[in-house]
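Chain by chain, the residues:
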Amino acid sequence: MRLKPLPLMFCLLSIPSLGAAAEKTVYGLNEYAQLAGIDLEVAAKLDTGAKTASLSARDIKRFKRNGESWVRFYLAIDTAHSHPIERPLARVSKIKRRAGDYDPDEDKNYTARPVIALDICMGTALRSIEVNLTDRSAFQYPLLIGSEALKRFDALVDPSLKYAAGKPACAADAHTAE
């Protein structure tokens, strides 16, 4: 039996990529996410086509505390979330507007959104990710997790699955590798 060199070389070159794929966690299109520090579990949509993560918030106000920029907001998830949440402002993100959201009178094709750092648990992985705050109450999922956050979770997204990671089960004091 004689081995053909080209197919053999292709097989040998693909072996390192198998190791990298084995280290990834497979998540579904939708997952349960625990918002650490807020004590809330929400359903999230994992969207590889979005760059950033977004959390549904309303009455978003920026303010100063000890000379630092902070943001105060309410979760726009349901009427049960009536207490304000305050977090340091990480940065302000410019989000490209969709065609239906563009107002030519404003002459802006982006929306400025405040961004905060938030600890999120999916499955057994706890990661600190940046989320921008916007009212997502018109959408089915209050949390959208984009590609930047998915990288931090070492995620592979299988859109044929839903809730593949199960309920969040992160240890309260354990921040897994980032």
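One can find the structure itself at the top, above this paragraph.
The rules behind each value
Residues numbered from 1 in each chain as written. Predicted model: local features only at pLDDT ≥ 70, side-chain atom pairs only at ≥ 80, totals over all residues. Heavy atoms only, no water. Helix = DSSP H or I, 4+ residues; strand = E, 2+ residues; numbered from the N terminus. Buried < 20%, exposed > 50% of the residue type's maximum accessible area, 1.4 Å probe, protein only. Contact = heavy atoms within 4.5 Å. Areas by Shrake-Rupley, 256 points an atom, 1.4 Å probe, with all protein chains shown as cover. 1 Å grid on protein atoms, 1.4 Å probe; cavity = no way out; pocket = protein on both sides within 12 Å on 5 of 7 lines; lining within 4 Å. Points joined across faces, edges and corners; volume = space filled by probe spheres on them. Nonpolar A, V, L, I, M, F, W, Y, C, P; charged D, E, K, R; others polar. Phe/Tyr/Trp six-rings, centres within 6.5 Å; stacked < 30°, edge-to-face > 60°. Salt bridge = Lys/Arg side-chain N within 4 Å of Asp/Glu carboxyl O. Polar contact = N/O pair within 3.5 Å; in protein donor to acceptor, adjacent residues only side chain to side chain.

Caption draft 1: The arrangement of the overall build of the protein in detail. Along its length, the protein carries two helices and ten strands. What you see in the protein, going N to C, is helices and strands ordered as α-β-β-β-β-β-β-β-β-β-α-β. Buried residues in the protein amount to 33% of all 178 residues. Put simply, 59% of the contacts in the protein that link residues at least 6 apart link residues at least 24 apart. On the protein, roughly 11,100 Å² of surface is accessible, and the fraction owed to carbon and sulfur atoms is 54%.

Caption draft 2: Molecular detail of the layout of surface pockets. Empty space within the largest pocket amounts to approximately 800 Å³. Lining the largest pocket are 31 residues, and of these Ala50, Thr52, Ser54, Ile95 and Arg113 lie nearest its centre. Listing elements by their share of the lining of the largest pocket, those giving two or more residues are β3 (53-65), β6 (91-96), β7 (110-122), β8 (125-134) and α2 (147-152). Here the residues of the lining of the largest pocket are counted per class, giving nine nonpolar, seven polar and 15 charged.

Caption draft 3: Representation of the packing of aromatic side chains in the model. Enumeration according to the criterion identifies three aromatic pairs in this entry. With centroids separated by 6.2 Å and ring planes inclined at 85 degrees, the aromatic side chains of Tyr27 and Phe153 adopt a geometry described as edge-to-face. Of the two residues, Tyr27 is situated in strand β1 (residues 25-35) and Phe153 in the loop between α2 and β10 (155-162); the sequence distance between them amounts to 126 residues. No difference in accessibility class separates Tyr27 from Phe153, as the two residues are buried. Measuring from centroid to centroid gives 6.4 Å for Phe63 and Trp70, while their planes differ by 35 degrees, and the two rings are tilted. A relative accessible area of 18% places Trp70 in the buried class.

Caption draft 4: Main features of the pattern of salt bridges. Scanning the model with the defined rule gives six salt bridges in all. Among the ionic pairs, Arg58 bridges to Asp59, the shortest N-O distance being 3.1 Å. Note on Arg58: relative accessible area 31%, which makes it partly exposed. Between Lys151 and Glu148 there is a salt bridge whose closest N-O contact spans 3.2 Å. Remark: Glu148 and Lys151 occur in helix α2; sequence separation between them is three residues, near one turn of the helix. Taking the relative accessible area as the measure of exposure, Glu148 reaches 37% and is therefore partly exposed.

Caption draft 5: Inspection of the environment of Arg65 at higher detail. By the secondary structure assignment, Arg65 is in strand β3. Its relative accessible area of 29% is what places Arg65 among the partly exposed residues. Along the backbone, Arg65 and Pro88 are 23 residues apart, and their C-alpha atoms lie at a distance of 8.8 Å. Apart from the residues lying within four places of it in its own chain, the contact partners of Arg65 are Trp70 and Glu86. Within the structure, Arg65 has its side chain in polar contact with the side chain of Glu86 (distance 2.4 Å).

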